[in-house]
Amino acid sequence: VEAYWNIGKSIIEEQGGNEKAEYGTGLLKELSKQMTQDFGKGFTVSNLKNMRQFYRTFPIRQTLFYLTFPNGYAGGSDLSWTLYRLLMRVENKNAREFYMQEAVKSQWSTRQLERQINSFFYERVLSSKNKEQVA
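Figured I'd write up the structure that's included with this text.

Basis of the calculations
Residues numbered from 1 in each chain as written. Predicted model: local features only at pLDDT ≥ 70, side-chain atom pairs only at ≥ 80, totals over all residues. Heavy atoms only, no water. Helix = DSSP H or I, 4+ residues; strand = E, 2+ residues; numbered from the N terminus. Buried < 20%, exposed > 50% of the residue type's maximum accessible area, 1.4 Å probe, protein only. Contact = heavy atoms within 4.5 Å. Areas by Shrake-Rupley, 256 points an atom, 1.4 Å probe, with all protein chains shown as cover. Salt bridge = Lys/Arg side-chain N within 4 Å of Asp/Glu carboxyl O. Polar contact = N/O pair within 3.5 Å; in protein donor to acceptor, adjacent residues only side chain to side chain. Axes fitted to C-alpha atoms, helices over the stretch in contact; angles between N-to-C directions. Parallel < 35°, antiparallel > 145°, perpendicular 65-115°, else oblique. Nonpolar A, V, L, I, M, F, W, Y, C, P; charged D, E, K, R; others polar. Expected span 1.5 Å × (residues − 1). Phe/Tyr/Trp six-rings, centres within 6.5 Å; stacked < 30°, edge-to-face > 60°. Lys NZ or Arg CZ within 6 Å of the ring centre and 35° of its normal.

**Digging into the overall build of the chain**
In step 1: Looking only at helices and strands, the chain features 9 helices and 2 strands.
In step 2: Ordered by position from the N terminus, the helices and strands of the chain form the series α-α-α-α-β-β-α-α-α-α-α.
In step 3: Expressed as a percentage of the 135 residues in the chain, the buried residues total 37%.
In step 4: A separation threshold of at least 6 residues defines the contact pool for the chain, and within that pool the share at least 24 residues apart is 57%.
In step 5: Carbon and sulfur atoms form 48% of the exposed surface of the chain, whose accessible area is close to 8700 Å².

**Observations concerning the pattern of salt bridges**
In step 1: One pass over the structure, following the stated rule, counts 4 salt bridges.
In step 2: Here Glu13 and Lys9 are joined by a salt bridge, their closest N and O atoms 3.8 Å apart. Residue Glu13 and its partner Lys9 are located together in helix H1 (residues 2-14), separated by 4 residues, close to a single helical turn.
In step 3: The partly exposed category is assigned to Lys9, whose relative accessible area is 29%.

**A word on the side chain of Asn47**
In step 1: You can see Asn47 is positioned in helix H3 (residues 45-57).
In step 2: Overall, Asn47 belongs to the buried group, its relative accessible area being 15%.
In step 3: Of note is the side chain of Asn47, whose polar atom sits 2.7 Å from the backbone oxygen of Gly42.

**Let's talk about the side chain of Gln116**
In step 1: Locating Gln116 in the fold gives a position in helix H7 (residues 110-118).
In step 2: Its relative accessible area of 16% is what places Gln116 among the buried residues.
In step 3: Filtering out sequence-adjacent residues up to four positions away, Gln116 remains in contact with Tyr99, Trp108, Phe121 and Arg124.

**Section: the packing of H1 against H3**
In step 1: Where H1 meets H3, the axes come as close as 7 Å, and the angle between the chain directions of the two elements is 90°. Relative to H3, the element H1 is oriented roughly perpendicular. Only Leu48, Met51, Arg52, Phe54, Tyr55 and Arg56 of H3 make contact with H1, whose side of the interface consists of Tyr4, Trp5, Ile7, Gly8, Lys9, Ile11 and Ile12.
In step 2: For the contact of H1 with H3, a count of residues per class yields 9 nonpolar, 1 polar and 3 charged.

**Regarding unusual backbone geometry**
In step 1: The phi angle at Gln107 is positive, at roughly 55°, despite the residue not being glycine.
In step 2: Here Phe120, not a glycine, exhibits a phi torsion of approximately 55°, which is positive.
In step 3: Positionally, Phe120 belongs in the loop between H7 and helix H8 (121-127).

**Structural notes on helix H2 (residues 26-39)**
In step 1: Relative to the 20 Å expected for 14 residues at 1.5 Å per residue, H2 spans 20 Å between its end C-alpha atoms, a close match to the ideal helical length.
In step 2: Downstream of H2 by one or two residues, Gly40 has phi in the positive range, about 100°.

**Points about the packing of aromatic side chains**
In step 1: Applying the stated rule across the entire model yields 12 aromatic pairs.
In step 2: Both rings, one in Phe54 and one in Trp81, keep their centres 5.1 Å apart while their planes meet at 80°; by these two values the pair is edge-to-face. Taken together, the positions of Phe54 in helix H3 and Trp81 in helix H5 (residues 81-88) put the pair 27 residues apart, joining distant regions of the chain.
In step 3: We classify Phe54 as buried; its relative accessible area is 0%.
In step 4: Taking the centre distance of 5.4 Å and the plane angle of 75° together, the rings of Phe58 and Tyr84 count as edge-to-face. One end of the pair, Phe58, is in the loop between H3 and helix H4 (62-65); the other, Tyr84, is in helix H5, with 26 residues separating them in the sequence. Of the two residues, Phe58 and Tyr84, neither departs from the other in class, the shared state being buried.
In step 5: Taken together, the ring pairs in this structure connect Tyr4, Phe54, Phe58, Trp81 and Tyr84 into an aromatic cluster.
In step 6: One cation-aromatic arrangement involves Arg96 over Phe58; the distance from NZ or CZ to the ring centre is 5.8 Å.

What follows is the structure, encoded as C-alpha cells:
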C-alpha cells in the first residue's frame, strides 16, 4: 500500500502537481511499460491511474497508517489496497473517514465495506436518532 502511495506521489510530481499532464496518458503508458518490465505484473495504465488517485485522495501519508478514533483509540491501519480502492470512490471526505475507521475497527472485508458503502451506512448512522442501534 505504501509503495502504491509513493508511486502515485511520483506520478503527480512528474505531472507538476496537475491531475493530468499536458501530454496526456503518454507518461502513464511509458511508466506502465517500464515498471512492468522492471517489476512484473500489476502496473497497467489503469492501476497507475488508481495509484495517482490514491495519492490525490490521501495526500497525507500518515492518515493511511495511523488512525485516531473519536473515543481516543489510536491504532495502525491494516487496510488493503483493495479496500483503499473502494474508499477512493467515496467522494464525501467525512463519509470516507467514517468508513476507514469502521473498516479498521470492525475488520471489514472488501465485500463488507462495499456493502456498507452501497447501503449508505454512513448516511443512515447520521440520520438515526439512536446511532448505537443502527450500528
